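Structural overview for review
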Amino acid sequence: MQNRRDFLKTAAFAALGSGVVINDVFGGESAPKLFNINKSGVNARMKLRFFPYELKLRHVFTVATYSRTTTPDVQVEIEYDGVIGYGEASMPPYLQKELGTMESVLAFLKKVQDIIGQFSDPFQLEDILAYVDKLSPGDAAAKAAVDIALHDLVGKLLRAPWYKIWGLDKEKAPSTTFTIGIDTPDVVREKTRECAEQFNILKVKLGRENDKEMIETIRSVTDLPIAVDANQGWTDKHYAIDMIHWLKEKGIVMIEQPMPKTQLDDIAWVTQQSPLPIFADESLQRLSDVAGLKGAFHGINIKLMKCTGMREGWKMVTLARALGMKVMVGCMTETSCACSAAAQFSPAVDFADLDGNLLIANDRFKGMEVVKGKITLPDLPGIGVVKL
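Residues numbered from 1 in each chain as written. Predicted model: local features only at pLDDT ≥ 70, side-chain atom pairs only at ≥ 80, totals over all residues. Heavy atoms only, no water.

**Comments concerning the pattern of salt bridges**
Applying the stated criterion across every chain, the model contains 24 salt bridges. For arginine 286, the salt bridge goes to aspartate 133, with nearest N and O atoms at 2.8 Å. Placement of arginine 286 in the loop between strand S8 (278–280) and helix H13 (287–290) and of aspartate 133 in helix H6 (residues 125–133) is noted, with a sequence separation of 153 residues between them. Across the pair lysine 366 and glutamate 369 runs a salt bridge whose closest N-O atoms are separated by 2.3 Å. Ionic contacts of the salt-bridge type, sharing partners, join the residues Lys203, Lys205, Asp229, Glu256 and Asp353 into one network. (Salt bridge = Lys/Arg side-chain N within 4 Å of Asp/Glu carboxyl O. Helix = DSSP H or I, 4+ residues; strand = E, 2+ residues; numbered from the N terminus.)

Here's what the structure looks like:
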């Protein structure tokens, strides 16, 4: 009997990972009984709560086009029969078109709040999230918040973290990069000294006139491998490829979005000539974009806020691998809630940039940690977070 129960539980995990509705595996009502997801014996319904939350950055954050000290954010909770799943929407101002504004996110979440009680079974992830996705053509960050909270809830009901539900080995989680923002040489040296002993790989934002100075300044402090994010900052393909060859000599190991997303043909030319792997960031948002980038990039950078959450993010990993592409998982400035959610599939990627929670001073959660530079996943169920 015990072996049969173990088999059924394993089958449930496999069903969730593949998008099969949990009740299809168990046949009608047996899933709630097996996992005791309805302890009160009443017809429980999901309830959604949310509130605005401003993320405060530890340092001024500068990329190729602007600087900021805060990031707008919305915290989300979905409760079902006394169990709470946590999610969040982070909306950096430069991505308002893709992610939404504070006003649009709050309005979207109000719509979800009004309809989520219609779903009596939180295990129906595909049906629920497909319905939520159709509520508007955009609002990616708001959709991600709902998705993350729902995954956290379901994982808690199953009493398992999502990396286990997806069949991943947490020991294979990679080191995360730590981002050094564009700044004066003195500040860059100071930031580099602060993190050089704690991380195994750094990430540098380039795309301005002082690119070489940035790299030389960091190299005066450390010889750690460096990932470069040009943030679409190079507009000439010949300049871009010359820079990439120079960067390889300086110990850079990958390049993210070297040119504007509107110059896809030029990016493809650079990728074909490049001695380093080239990853898409701004050129990529959702699952439907992935196939069209094969040949133009070596790999993709998946961010939950852009792709609407864990459900689609995991599908993007699977599709990219099927197409022979490399995979990176990234983040915005976020609390440990969203970063831990993204970290759940980090054992399946080549590069990780999950330092968003380390860049803020007012985290609300404890979740995945960086130990000696490496992503370390807790065995907590769901997305693996506890509220501080």
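**A word on the packing of helix H9 (residues 185–196) against helix H10 (residues 211–219)**
At a closest axis distance of 9 Å, the pairing of H9 and H10 adopts a crossing angle of 45°. As summarised for this structure, H9 and H10 are arranged oblique, according to the angle between their axes. Handedness of the crossing formed by H9 with H10: right-handed. Across the interface between the two elements, Pro185, Val188, Arg189 and Thr192 from H9 touch Glu213, Met214, Thr217 and Ile218 from H10. Here the residues of the contact of H9 with H10 sort into 4 nonpolar, 2 polar and 2 charged. (Axes fitted to C-alpha atoms, helices over the stretch in contact; angles between N-to-C directions. Parallel < 35°, antiparallel > 145°, perpendicular 65-115°, else oblique. Left-handed = near helix turned anticlockwise from the far one by under 90°. Contact = heavy atoms within 4.5 Å. Nonpolar A, V, L, I, M, F, W, Y, C, P; charged D, E, K, R; others polar.)

**Comments concerning the sheet that holds strand S4 (residues 177–180)**
Spatially, the 8 strands line up as an open sheet ordered S4-S5-S6-S7-S8-S9-S10-S11, and their pairing is parallel. The open sheet terminates on both sides in strands that have one partner only, identified here as S4 and strand S11 (351–352). In the sheet, strand S10 (residues 326–330) pairs with S11 via 2 bridges, with the strands oriented parallel. Note that in S11 the partner of methionine 328 across the bridge is phenylalanine 351. Packing of H9 onto the sheet brings it into contact with S4 and strand S5 (201–205), and relative to S4 it is tilted by some 160°. (Pairing = 2+ DSSP bridges.)

**A look at the layout of surface pockets**
In this approach the atoms are scanned with a rolling probe the size of a water molecule, which exposes any empty space left behind. Reported here for the largest pocket is a volume of approximately 340 Å³. Lining of the largest pocket is provided by 17 residues; of these, Arg58, His59, Phe178, Leu358 and Leu359 occupy positions nearest its centre. Top contributing element to the lining of the largest pocket by residue count: strand S1 (residues 47–62), with 5 residues. Of the residues assigned to the lining of the largest pocket, the class counts are 10 nonpolar, 4 polar and 3 charged. Of the domains in this structure, domain 1 (47–159) and domain 2 (163–387) are the two that each give at least three residues to the lining of the largest pocket. (1 Å grid on protein atoms, 1.4 Å probe; cavity = no way out; pocket = protein on both sides within 12 Å on 5 of 7 lines; lining within 4 Å. Points joined across faces, edges and corners; volume = space filled by probe spheres on them. Domains from an automatic or database assignment.)

**Description of the UniProt feature "binding site: Mg(2+)" (unreviewed entry) in the protein**
With numbering matched to this structure, UniProt assigns "binding site: Mg(2+)" (unreviewed entry) to Asp229, Glu256 and Asp281. In three dimensions, the annotated residues from a span of 53 residues occupy one location, with a maximal C-alpha spread of 8.9 Å. Inspection of the secondary structure puts aspartate 229 in strand S6 (residues 226–229). Those residues in contact with aspartate 229 that sit more than four places away from it in its chain are Lys203, Val204, Lys205, Leu206, Glu256 and Asp281. A polar contact of 3.0 Å, which involves the side chain of aspartate 229, links it to the side chain of lysine 205. For aspartate 281, the location among the structural elements is in the loop between S8 and H13. You can call aspartate 281 buried: its relative accessible area is 3%. (UniProt positions renumbered as here; feature names shortened; annotations may be inferred. Polar contact = N/O pair within 3.5 Å; in protein donor to acceptor, adjacent residues only side chain to side chain. Buried < 20%, exposed > 50% of the residue type's maximum accessible area, 1.4 Å probe, protein only.)

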